[in-house]
Structure formats: C-alpha cells, structure tokens
Amino acid sequence: AQSVAQPEDQVNVAEGNPLTVKCTYSVSGNPYLFWYVQYPNRGLQFLLKYITGDNLVKGSYGFEAEFNKSQTSFHLKKPSALVSDSALYFCAVRDGVNNNDMRFGAGTRLTVKP
Amino acid sequence: DVKVTQSSRYLVKRTGEKVFLECVQDMDHENMFWYRQDPGLGLRLIYFSYDVKMKEKGDIPEGYSVSREKKERFSLILESASTNQTSMYLCASITQGNEQFFGPGTRLTVL
C-alpha cells in the first residue's frame, strides 16, 4: 500500500519568512498527492492536489507545492508566512492506478511567530 | 457544497459496549472512508468503501467493522469498545476530482 512520510513534527517560522513543510511518498502506481490543513478545533480542509500536469501546483491561502518525481517528494511552500497559517498540516497520497484508498502522513505542526 | 455529517461530536462509552458511529454524505460519492486521528500518529485508515456493500480494510481494522447498506451512509462499528479505541474518528468521502471532504469528527472516550 502507498505511504507518506512527514519528517518534521514541528516547523517554526517567523511571520513574513518563507515556509516549507516537507513530505515524501511511496506508491506503486501513479501518485495522486494532496495537502490538507487542520486549524484548532476545526475539521480538515483541502489545500491543494497534484494529479498530473505542471509539477508546481497552487492552492488555497497562497500555498503551493512542488511535485518532484525523482525525489518522491511533494513539499508544501508559501513565500511569506502569516501568523494565521499556524495549524496542523497533513500530506496524503492515493495510488492513481488502484485509486480507492487514501493514506495520510503523521502531520506537521506549523507555528508562525509574529 | 459537499456535506459530510457524523452522528455525534462527542461520545462517552464503557469498555465492552458496542458502539456505532454514523456518517452520511449528500453528494452521491462512491468512495467513503473512516480514519482515526491520534496525536503524533496523524490519520490512520481503518476501513474504506468504494461502493454499496463493498469494503476494504485499511491499516488498522482490528476491533472495528463497517457497514455500507446505502450509498450515502457509511457506519463504523466497535464490536466491544476498549480504552485504546479512545480517539477522534473522522469520516470522509471523495469526489471524482479526487478532493476528499471530511466530517467534523467524533471524539470517542471509552472508560
């Protein structure tokens, strides 16, 4: 089955600085890749996805992610972090061939300090 | 807007009780999922269903079963609740465009 690794439990950045939240994946078929965000006491919200096409995908709230097939990575980025970006971020992968289930990483807590 | 609803936000049960968690989606999605979310472990897939009466085990199916008698409803059953099943349970369904929508979650405490 496919799997996702988020190597950092916690990422801290200063407001206005660029942020990166890392994700690597393992899948036997074509990877469908996703980022979700969970704000405190709220449900998971979809941010962006890569299915095919351009390796750089843009999503909600100014976030973007770059698909890198050779490094099996899909890192989430934002050029200028906001305090309101502080949340729990999850990377997920689905096998584009046997695309029934979806697997998530353990999550990365992003804290943006003023 | 896609809506995924879960029957309870908070639930407290005793060890050994049979527990039913209900999930309903209103967008005719074929695929539905049950996850549990625990700190430091992220979302772990318990079961998923790709059609009525069809189900597949996820990574941690032990102690759980599911039922999908109608397309819109996917139920998670804890046959005999145990304290290690205290967790946040999240239901989701997915669109044809591969966007997954989550319910608000059920925080289950087993005493």
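Participant: How should I be thinking about the packing of aromatic side chains in this particular structure?
Facilitator: The geometry of an aromatic ring pair comes down to the distance between the two centres and the angle between the two planes. Tallied over the full model, the rule gives 13 aromatic pairs over all chains. Pairing Tyr50(A) with Phe67(A) gives two aromatic rings, centres 4.2 Å apart and planes at 20 degrees, and the pair type is stacked. Highlighted residues: Tyr50(A) in strand E6 (residues 44-50) and Phe67(A) in strand E8 (residues 64-68), separated in sequence by 17 residues. With a centroid separation of 6.2 Å and an interplanar angle of 25 degrees, the aromatic rings of Phe33(B) and Phe48(B) are classed as stacked. Taken together, the positions of Phe33(B) in strand E5 (residues 31-38) and Phe48(B) in strand E6 (residues 42-51) put the pair 15 residues apart, joining distant regions of the chain. Taken together, the ring pairs in this structure connect Phe34(A), Tyr36(A), Phe46(A), Phe104(A), Phe33(B), Tyr35(B), Phe48(B) and Phe102(B) into an aromatic cluster.

Participant: Just to check I follow, could you spell out the state of the cysteines for this structure?
Facilitator: A covalent bond between the sulfur atoms of two cysteines is what we call a disulfide. Residue and element names in this part refer to chain B. Per the stated rule, a full pass over the model turns up two disulfides over all chains. Covalent S-S linkage joins Cys 23 and Cys 91, the inter-sulfur distance amounting to 1.8 Å. What sets the handedness of the Cys 23 and Cys 91 disulfide is the S-S torsion sign, and at about -75 degrees it is left-handed. Of the two residues, Cys 23 sits in strand E4 (residues 23-25) while Cys 91 sits in strand E10 (residues 87-94), which places them 68 residues apart along the sequence. On the basis of relative accessibility, which here comes to 0%, the residue Cys 91 falls in the buried class.

Participant: Would you take a moment to explain the side chain of Gln6(A) for this structure?
Facilitator: Residues and elements named next belong to chain A. Tracing the backbone shows Gln 6 in the loop between strand E1 (3-5) and strand E2 (10-14). What makes Gln 6 buried here is its relative accessible area of 8%. One polar contact links the side chain of Gln 6 to the main-chain carbonyl oxygen of Tyr 89, over a distance of 3.0 Å. Ignoring anything within four residues of it in the chain, the contact list for Gln 6 reads Val 21, Lys 22, Trp 35, Tyr 89, Phe 90, Cys 91, Gly 105, Ala 106, Gly 107 and Thr 108.

Participant: How do you make sense of the interface of chain B and chain A when you look at a structure like this?
Facilitator: It is common to report an interface's size as the accessible area lost on association of the parts. On the side of chain A, 19 residues touch chain B, which itself brings 20 residues to the contact. Summed over both sides, the interface of chain B with chain A buries roughly 1,600 Å², with 52% coming from carbon and sulfur. Among the residues chain B hides against chain A, the three largest losses belong to Leu43(B), Asn98(B) and Phe102(B). Together they make up 30% of the total. Our enumeration of links across chain B and chain A arrives at one salt bridge.

Participant: Even after reading the chapter, I still don't get the pattern of salt bridges, so can you show me in this structure?
Facilitator: Between side chains of opposite charge, a pair can form when the charged atoms approach closely. Residues and elements named next belong to chain B. Tallying each qualifying case throughout the model produces nine salt bridges over all chains. Here Glu 79 makes a salt bridge to Lys 18, at a shortest N to O gap of 3.6 Å. With Glu 79 in the loop between strand E9 (73-78) and E10 and Lys 18 in the loop between strand E2 (10-13) and strand E3 (19-21), this pair connects stretches of sequence that are 61 residues apart. Using a relative accessible area of 43% as the deciding quantity, one classes Glu 79 as partly exposed. Relative accessible area serves as the criterion here: at 46%, Lys 18 is assigned to the partly exposed category. Here Asp 28 makes a salt bridge to Lys 71, at a shortest N to O gap of 3.3 Å. Taken together, the residues Asp 28 in the loop between E4 and E5 and Lys 71 in the loop between strand E8 (64-70) and E9 connect sequence positions 43 residues apart. When salt bridges with common partners are traced through the structure, they connect Arg 36, Asp 38 and Arg 44 into a single cluster.

Participant: Please clarify how the nonpolar core should be interpreted in this entry.
Facilitator: Buried together is how nonpolar side chains tend to be arranged in soluble globular proteins. If you look at the biggest cluster of nonpolar residues, it comprises 28 residues, and the most contacted ones within it are Trp35(A), Leu47(A), Leu48(A), Phe74(A), Leu76(A) and Tyr89(A). Every element with two or more residues in this core is listed here: E2, strand E3 (19-21), strand E5 (31-38), E6, E8, strand E9 (73-78), strand E10 (87-95) and strand E12 (108-113) of chain A. It is E10(A) that provides the largest number of residues to this core, a total of four residues. Apart from residues no more than four positions distant in its own chain, Phe74(A) is found in contact with Cys23(A), Leu33(A), Phe34(A), Trp35(A), Leu48(A), Lys49(A), Tyr50(A), Val57(A), Ala65(A), Glu66(A) and Phe67(A). Judged by nonpolar contacts, the second largest core, of 20 residues, contains Tyr64(B), Leu78(B), Ala81(B) and Tyr89(B).

Participant: How should I be thinking about unusual backbone geometry in this particular structure?
Facilitator: Peptide bonds are mostly trans, and most non-glycine residues show a negative phi. Phi at Tyr61(A) takes a positive value of approximately 60 degrees, unusual for a residue other than glycine. Mapped onto the elements of the fold, Tyr61(A) is located in the loop between strand E7 (56-58) and E8. By relative accessible area, which is 47% here, Tyr61(A) ends up partly exposed. Here Asn98(B), not a glycine, exhibits a phi torsion of approximately 65 degrees, which is positive. Mapped onto the elements, Asn98(B) comes out in the loop between E10 and strand E11 (100-102). Judged by its relative accessible area of 7%, Asn98(B) falls in the buried class.

Definitions and limits used
- Residues numbered from 1 in each chain as written.
- Chains lettered and ligands numbered in written order.
- Predicted model: local features only at pLDDT ≥ 70, side-chain atom pairs only at ≥ 80, totals over all residues.
- Heavy atoms only, no water.
- Phe/Tyr/Trp six-rings, centres within 6.5 Å; stacked < 30°, edge-to-face > 60°.
- Helix = DSSP H or I, 4+ residues; strand = E, 2+ residues; numbered from the N terminus.
- Disulfide = S-S within 2.5 Å.
- Buried < 20%, exposed > 50% of the residue type's maximum accessible area, 1.4 Å probe, protein only.
- Polar contact = N/O pair within 3.5 Å; in protein donor to acceptor, adjacent residues only side chain to side chain.
- Contact = heavy atoms within 4.5 Å.
- Buried area = accessible area lost by both parts, 1.4 Å probe.
- Salt bridge = Lys/Arg side-chain N within 4 Å of Asp/Glu carboxyl O.
- Core = buried A, V, L, I, M, F, W, Y, C linked by side-chain atoms within 4.5 Å.

Scope: geometric values only; no functional claims are made or implied.
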